[in-house]
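The primary structure of each chain is shown beneath.
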Amino acid sequence: MDVKGLNYSCTSCHVTKAHQISGRCYSQPAPNKHQLALPKDDGERLACESCHSRSPHKKAELLNHHTDKVACQTCHIPSYARGGVFTKMWWDWSTAGKFDETGKAIVKKDEYGNLLFHSKKGDMGWALDVEPEYGWYNGSMSYFRASDKIPQGIEKIEINSLKGDYEDPKARIFPFKIMRGKQPYDPENRTLVIPYLAGKKGTGAYWGEYDWQKAAAVGMREAGLPFSGKVDFIESDMYWPITHMVAPKEQALSCEACHSRNGRLANLDGFYLPGRDRWPWLDRLAWMALGLTLLGLLLHGGLRFISSGRKKGGQS
Amino acid sequence: MKVRLNLYTRFERFWHWFQAFLIIFLLVTGFEVHGSCKIFGYANACSWHNLAGMTLLVLTAFAIFWHLTTGQWRHYRPSFENIQKIIAYYLVGIMRGEHHPFHKSEECKLNPLQALSYLFLKVVLMPLQLGSGLLYYYYNDWLNWGWAARLDGVAFLHTAMAFAVLLFLAVHIYMSTTGGTLFSYTQSMITGWEEVDNGIMNEEKSPIR
């Protein structure tokens, strides 16, 4: 990576010990106990702090004040999928299984060669240079399991969801790619289904027969899970923590990216962020009081001016 | 009759104008941090606000020392005597060209209304504002102090008091124009000398001291 620069290889960061590669995804607790969070100190987890410590900014002490609540990645990865390589953002399985009149698979690509539709897979969406989404994250996630029930009235499920909030001393604001899509589910039992995907015609595999009911029946039977026989589709979000593609330091987020009324953290609540938050009634009240005061002073000054003119006129 | 008095010592004038500059600068940078304006850029606004705040703290420490050692604090002893007269003067008398009911002297250079409002500024507004600012500055150390408070309480107080200081400043600047001429009070705050009506009617002594 960056042959002209540090020329790091993957294993500069992902150091190995007895074939244990350090760095597990979905495990990014704020290194609390140690200034230098070396992998051995932190359960073989790897973090930017392992090399940089928690106070890497020499010139700007204010930036170091952030590292307890804001992950390094949040400021140092202003966008992902930079450098001309697209990333997949959307995958809608519900449109799969459509063929043209001659029964041949439909394949649509955009001008860059990204797959937009395939009869086997459904619709897809791609993007370049994407601004991450942000969430409080203490390093653990909870997962939506195959046996978990989808609550009534919900239009979208989170395949995995972030743990942690402002009050959690281990949690920091972390950047994520959210992979969105539509998944098959069982509307009667209200669970996701596990379809049998790749297989020959006659086995029930989706890519053999293009029949979701059959594919789900086979898959769920194999998994030993109940299946009602019905399949519908539901939207899903999946959080992917972003850690790679650290940008040169000049491109790190500016203060205003977060400290402004509609900045990147506009959707995170439960804490006071200077420049973003205020008490609208206080501001309104205060500016009104100031306006009235100025008006009063203007009036007073005007009267003084008029009366001094009259006085001079009368005296002379 | 009119006399010329040296009311404001050199330190007092230095303190007054340096403080005025710092307070105005703190208001501007503070409201940028608050998100009300964009002037210096957020990073500069933050660090300059901190710097100016610390400077004001040091200046205030000197000023407190000066007030105590020179006995100047006596000018701020509150008194409600004649306060109605003075309010009436500013509301009505000033329009009619009446004389100010209060006569300044070296022993008592602030009229009671002035003394009360400056006292309020000095013992309520500024301590709250400097105190909350200092706490805000050390926000990252609160946990080390074993204090699990949240930022919003301190930020609220600091913002509300900032508005109060802004209001004070508006009225204060206006009041500075109510002297003999529009800028005569400002001038005496620069030179230290003020031409004062001492309230003595018969002119026997020389007006120049």
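Residues numbered from 1 in each chain as written. Chains lettered and ligands numbered in written order. Predicted model: local features only at pLDDT ≥ 70, side-chain atom pairs only at ≥ 80, totals over all residues. Heavy atoms only, no water.

**Q** Account for the environment of Lys122 of chain B, naming residues and giving values.
**A** All names here are of chain B. Its location among the elements puts Lys122 in helix H4 (residues 112–137). Along the sequence, Lys122 and Ala160 sit 38 residues apart, while their C-alpha atoms lie 16 Å from each other. What Lys122 contacts, discounting residues up to four positions off in sequence, is Trp15, His67, Tyr76 and Pro127. (Helix = DSSP H or I, 4+ residues; strand = E, 2+ residues; numbered from the N terminus. Contact = heavy atoms within 4.5 Å.)

**Q** Residue-level account of the pairing of strand E5 (residues 115–118) of chain A, with values.
**A** Residue and element names in this part refer to chain A. Note that strand E4 (residues 107–109) and E5 share three bridges and pair antiparallel. The partner of Lys109 across the bridge, within E5, is Leu115. Between E5 and strand E6 (residues 122–127), which pair antiparallel and follow one another directly, the connecting turn spans three residues. (Pairing = 2+ DSSP bridges.)

**Q** Describe the interface of chain B and chain A, listing the residues and the values that go with them.
**A** Many analyses report the size of an interface as the accessible area lost when the parts associate. With 34 residues of chain B at the interface, the matching set in chain A holds 33 residues. Together chain B and chain A conceal approximately 2,900 Å² of surface at their shared face, both sides included; 66% is due to carbon and sulfur atoms. Looking at the side of chain B facing chain A, the largest losses of area belong to Tyr42, Met95 and Tyr174 of chain B, adding up to 24% of the total buried there. For the pair chain B and chain A, the interface holds one salt bridge. (Buried area = accessible area lost by both parts, 1.4 Å probe. Salt bridge = Lys/Arg side-chain N within 4 Å of Asp/Glu carboxyl O.)

**Q** I'd like to hear about the side chain of Asn138 of chain A, residue by residue, with values.
**A** Residues and elements named next belong to chain A. Structurally, the position occupied by Asn138 is in the loop between strand E7 (133–137) and strand E8 (141–143). A distance of 2.9 Å separates a polar side-chain atom of Asn138 from the backbone nitrogen of Ser140. In this structure the side chain of Asn138 is engaged in a polar contact, spanning 2.8 Å, whose partner is the side chain of Asp168. (Polar contact = N/O pair within 3.5 Å; in protein donor to acceptor, adjacent residues only side chain to side chain.)

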